[in-house]
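Summary of structural features
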Amino acid sequence: MKVLKFGGSSVSNSENCKRVQEIIKRDYANCKQVVVVSAFGGVTDELERCINLASDRNKEYENSLFKVKERHFQVINELNLPAEIEFGTSKKFDEIAELLQGVYLLEEISQKVKNSVMGSGEILSSLIFSAYLNQCGMNTVLFDSRDFIKTQNGKGVFLNSEQTNKNLEAVKNVEFQVALFPGFIASGQKGEMTLLGRGGSDYTASILAAGLKCSELEIWTDVSGMFTADPRLVSQAQPIEQMSFQEAMELSHFGAKVIYPPTLIPVLQNKINVRIKNTFAPDEKGTLITSAPKSERSIVRGLSSINNINLFTLSGSGMVGISGFASRFFTCLAQNKINVVLITQASSEQSMSVGINEGDRALAIEAVRSEFEMEIRMNLVNEPAVEQDLSIVAVVGEDMGYTPGISGKVFSVLGRNGVNIRAMAQGGNELNITFMVPTFDVKKVLNVIHEDFFISTHKKVNLYIAGVGNVGGKLLEFMKNQYDYLLEEKGLQLIVRAVTNSRKMYFAKDENMLQDWKQKLEEESEVANLQEFVKRMDQANLRNSVFVDITASESVSKVYQQVLNSTVSIVACNKIAASSEFDNYLRIKAAAKKHNVEFMFESNVGAGLPVISTINSLIHTGDKIVGIDAVVSGSLNFIMNEFNNGKSFVEAVKMAMEQGFTEPDPKIDLSGMDVLRKLLILSREAGYKLEVKDVEHEPMIPLSCLNGETAADLIRDLEAHNDHFEAWRTVMAEKNIRYRYIASFADGKANVSLKEVTPDHPFYDIHGKDNVISLKTKWYNDQPLIIKGAGAGAEVTASGIFGDIIRITSN
Ligand code: ADP
Ligand code: ASP
Ligand code: MG
């Protein structure tokens, strides 16, 4: 004999009743089945609402009850059930209406009336469903659970298992193939209706399985098993194939609603396996809960969470070293039937914190105040402190025991995502790690832990992109091309959540706009608003978020602090922040550190060349940068190379502009300002405190060419100075040298100017838009470390940005 329990969603309408009947039919001939049904989906909630409305003297309850009645009659009609069922159902609704009218008149709800009304849903569903099974030719007997399942008094529900099991003996004498029991309802010592707690039909089924010594309990619901996390919160959650009773107990206790926690006790005591199955996909395996489950690949079995938790803290100097405080505290909570969900005590003994349900807050404050009244008056104990809007998250798995590093991994991933842990506890059996976090962060917490611990899942990377011009466009194209590879090989899913340029912005509703960002920005965008962009990114509170700045805009660089404060990393191609005042550069770096996120700007110097990452790794491994010589303007090199090949200077500048190798304002290149900024960034990364004013700087072109407003002015002025540039050509030929615009740093001094280089110098032969960075360090002293390669152009710059994104997110 086995027990099958069908939850509310499984019996929510006539079509679902037919599905359930099909499931029962599968084993009809092979074994006797005990079937437990919940009320039709949502009916218990509706009945509770009706009572509350009635007690508030709101006549709307009549209308609500009428709708519930209509739903039942619709099922009866659609299933073509006999008139006596209509009659029985009608009678039950009359009874409910009478009870509710009493509540309405008295403006008061007794526990007894409340139970009678709320438990009616199961009485109705079992009446209807048993008639349907009989009509389908199944030998079905309807039992009344209240005749068998006995509870004792108490705030929670305490089963009188001895009496219950004795009562159930009688069932064995009845001839049936299907025994149908309403879930949820039971009776007290005086025969009055009691309820087993919300979600209690699972418990009914387990009590029956134990009392009737059944071989297995099947819980049929609307999901294919107990998932690694609540599938409504974690889209990548997977059904867990097998788990132990203890693991199931922990997960359900901490919020995995799919099974009501007390359910596991009777089956555990009687070693009855539990299977959680999906009524809507009956052939899927579901989850097996058993004493010796096989190990899964992941060390963590599952995650769960409960909302509406308060952190209740008792503290005070009078608690130190004095025994009995804890026991008085907990006794007082227990006497007031306040459920303590989590306990922590700091080793100083100065404070003790517990997690309680929001609903118990007022009572807990009152009870603890009165218990410690004297100590509070004497200032030995402080007024109880309560923090609201918290949730508890539990990370559960038997294999976690004796495996070092699990909690470290959990907490470090939360740190990286800016989640503040308010309290934590780890069971002595290491079966679970539980902690309290702001409810606002719960979804993010579950998802990041899930991504880190479950092999089959991938990490979602949420990108917010500012600047989608030449380089931005290339970056998005690269990401599109690499999307499948990164997902399959690296487990990284790139999701573009929003894009903006200086005119328009588009925020994805729930989709990934990587494929069609252009069209979205074109057709569905709103007017760009940077503050709004950052605000919405903050409100989305998504894990692994990265703000990508591919602009050259000062106003964008001004929002970095705000972005980092929202625990969002920054990848910047924009050089303004890293080359702004030293204090600002430090502040931004400090904000990133404080919020455990990254601020990366590799593409600031040498586009995609690994310059900053090389400097960082040299320093991390104990080296010291003593000198830098660099040709870091791809645009200036291009111009000089074209000039060396015989083009006039102005023609070379025009070519660089046309091919997109210059900054949007080419004066930034030709003035040497861009090179100066790069040198500032390199030397700062090398550990030196340098400001713009500390850099000796000579523009590459005569100052008078830099006075114009527009690019056309510049070209005109350069043409006017053609002789000046042609004179270079003569000198170069005479001296057998080349001119290079070089950034150097040595002995604490920085200089940016046009210099002569001889043929044996590493900067003599530089092709196209190549950059060369020569680093003289403690270890690379005689022979500097040289990094050389293409240092400008949309592709290489985009690849530098892409590299930063991947480096951040593969941590
Ligand atoms: P029933 O009406 O069948 O008793 P419930 O609504 O009580 O069903 O429980 C099933 C629901 O539990 C699922 O639809 C799912 O949304 C939720 N749930 C929460 N956590 C989990 C989890 N870890 N695994 C599966 N379902 C979960
Ligand atoms: N109908 C009850 C409830 O909604 C019991 C159950 O569904 O398990 O809580
Ligand atoms: Mg349930």
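In this text, all values refer to a predicted model and were calculated from it rather than measured experimentally.

By nearness alone, 17 residues border ligand 1, and Thr221, Asp222, Phe227, Arg232 and Lys257 come closest of all. In the environment of ligand 1, an oxygen atom lies 2.8 Å from a nitrogen or oxygen atom belonging to the side chain of aspartate 222. Out of a free accessible area of 570 Å², ligand 1 has 88% covered by protein chains. Its residues placed into classes, the shell around ligand 1 shows seven nonpolar, five polar and five charged.

Each pocket or cavity is described by its volume, and for the second largest pocket that value is around 710 Å³. If you trace the second largest pocket, you find 35 residues lining it, with Val471, Cys573, Thr662, Glu663 and Pro664 closest to the centre. Broken down by secondary-structure element, the contributors of at least two residues to the lining of the second largest pocket are helix 16 (470-490), helix 23 (634-644), helix 25 (667-670), helix 26 (673-685) and helix 29 (794-809).

Turning to the packing of helix 2 (residues 43-55) against helix 5 (residues 111-118), a few remarks are in order. Running from N to C, helix 2 and helix 5 cross one another at 145°; their axes reach a closest spacing of 9 Å. Helix 5 is crossed by helix 2, and the crossing has right-handed handedness. On helix 5, the residues touching Thr44, Leu47, Glu48 and Ile51 of helix 2 are Lys114, Val117 and Met118. Partitioning the contact of helix 2 with helix 5 into residue classes produces four nonpolar, one polar and two charged.

Spanning 16 residues, helix 6 (residues 120-135) covers 23 Å between terminal C-alpha atoms, matching the ideal 22 Å at 1.5 Å per step. With 13 of 16 residues buried, helix 6 is to be regarded as a mostly interior element. Glycine 137 sits one or two positions beyond helix 6 and adopts a positive phi of about 85°.

As a further point, take the packing of aromatic side chains. This model, assessed by the stated rule, comprises 27 aromatic pairs. Geometrically, the ring pair formed by phenylalanine 643 and phenylalanine 649 is edge-to-face, given 6.1 Å between the ring centres and 75° between the ring planes. Taken individually, phenylalanine 643 and phenylalanine 649 each receive the classification buried, so the pair is uniform in this respect. Considering the side-chain rings of tyrosine 688 and phenylalanine 745, the 4.6 Å spacing of their centres and the 55° angle between planes classify their relative orientation as tilted. Of the two residues, tyrosine 688 is situated in the loop between helix 26 and strand 27 (695-697) and phenylalanine 745 in strand 28 (residues 738-746); the sequence distance between them amounts to 57 residues. One aromatic cluster is present, formed by Phe643, Phe649, Phe725, Trp728 and Tyr739 through successive ring pairs. When the ring centre of tyrosine 104 is taken as origin, the NZ or CZ atom of lysine 59, which lies over that ring, is 4.7 Å away.

This part takes up the nonpolar core. Formed by 80 residues in total, the largest nonpolar core has its most connected members in Phe547, Phe599, Phe649, Leu670, Ile701 and Leu718. Here the element with the most residues in this core is helix 26; it accounts for six residues. Among all residues touching leucine 670, those that are not within four sequence positions of it are Leu636, Ile639, Phe649, Val653, Pro699, Met700, Ile701, Leu714 and Leu718. In this structure, Tyr203, Phe254, Ile259 and Tyr260 belong to the second largest nonpolar core, which totals 51 residues.

We now examine the sheet that holds strand 26 (residues 625-631). Taken in spatial order, the six strands make up an open sheet running 27-29-28-26-30-31, and their pairing is mixed. Both edges of this open sheet fall to strand 27 and strand 31 (785-790), since each of them pairs with a single strand only. Taken over all neighbouring pairs, the strand axes of this sheet differ in orientation by 20° on average, direction set aside. On top of the sheet, helix 23 reaches strand 26, strand 28 and strand 30 (770-777); it is set at about 150° to strand 28, its chief contact.

Surveying the vicinity of ligand 2 reveals the residues Ser38, Thr44, Glu122, Phe184, Arg198, Gly199, Gly200 and Ser201. Between glycine 200 and ligand 2, the recorded distance is 3.4 Å, taken from a backbone N or O atom to an oxygen atom. If ligand 2 stood free it would expose 260 Å²; the protein chains cover 85% of that surface. Its residues assigned to classes, the shell around ligand 2 shows one nonpolar, five polar and two charged.

We now examine the pattern of salt bridges. Applying the stated criterion across every chain yields a total of 45 salt bridges. Between lysine 647 and glutamate 642 there is a salt bridge, and its shortest N-O distance comes to 3.4 Å. Lysine 647 sits in the partly exposed class, given a relative accessible area of 29%. Salt-bridge contacts for glutamate 756 lead to lysine 735; the nearest nitrogen and oxygen are separated by 2.8 Å.

Another aspect to go through is the packing of helix 16 against helix 29. Orientation of helix 16 relative to helix 29, taken along the N-to-C sense of each, is 50°, at an axis distance of 8 Å. Here helix 16 is positioned oblique relative to helix 29, judged by the angle of their axes. For the crossing formed where helix 16 meets helix 29, the hand is right-handed. Contact with helix 16, carried on its side by Asn470, Val471, Lys474, Leu475, Phe478, Met479, Gln482 and Leu486, involves Ala794, Glu795, Thr797, Ala798, Ser799, Ile801, Phe802, Ile805 and Ile806 of helix 29 and no other residues of that element. The class makeup of the residues in the contact of helix 16 with helix 29 is 11 nonpolar, four polar and two charged.

The backbone of lysine 213 sits at a positive phi, close to 50°, despite the residue not being glycine. Assignment of secondary structure puts lysine 213 in the loop between helix 8 (201-211) and strand 9 (216-221). Of the residues examined, lysine 213 reaches a relative accessible area of 61% and is grouped as exposed. The residue aspartate 747 is not glycine, and still its phi comes out positive at about 50°. With respect to the helices and strands, aspartate 747 occurs in the loop between strand 28 and strand 29 (749-757).

Rules behind the numbers
- Residues numbered from 1 in each chain as written.
- Chains lettered and ligands numbered in written order.
- Predicted model: local features only at pLDDT ≥ 70, side-chain atom pairs only at ≥ 80, totals over all residues.
- Heavy atoms only, no water.
- Near = heavy atom within 4 Å.
- Polar contact = N/O pair within 3.5 Å; in protein donor to acceptor, adjacent residues only side chain to side chain.
- Areas by Shrake-Rupley, 256 points an atom, 1.4 Å probe, with all protein chains shown as cover.
- Nonpolar A, V, L, I, M, F, W, Y, C, P; charged D, E, K, R; others polar.
- 1 Å grid on protein atoms, 1.4 Å probe; cavity = no way out; pocket = protein on both sides within 12 Å on 5 of 7 lines; lining within 4 Å.
- Points joined across faces, edges and corners; volume = space filled by probe spheres on them.
- Helix = DSSP H or I, 4+ residues; strand = E, 2+ residues; numbered from the N terminus.
- Axes fitted to C-alpha atoms, helices over the stretch in contact; angles between N-to-C directions.
- Left-handed = near helix turned anticlockwise from the far one by under 90°.
- Contact = heavy atoms within 4.5 Å.
- Expected span 1.5 Å × (residues − 1).
- Buried < 20%, exposed > 50% of the residue type's maximum accessible area, 1.4 Å probe, protein only.
- Phe/Tyr/Trp six-rings, centres within 6.5 Å; stacked < 30°, edge-to-face > 60°.
- Lys NZ or Arg CZ within 6 Å of the ring centre and 35° of its normal.
- Core = buried A, V, L, I, M, F, W, Y, C linked by side-chain atoms within 4.5 Å.
- Pairing = 2+ DSSP bridges.
- Salt bridge = Lys/Arg side-chain N within 4 Å of Asp/Glu carboxyl O.
- Parallel < 35°, antiparallel > 145°, perpendicular 65-115°, else oblique.

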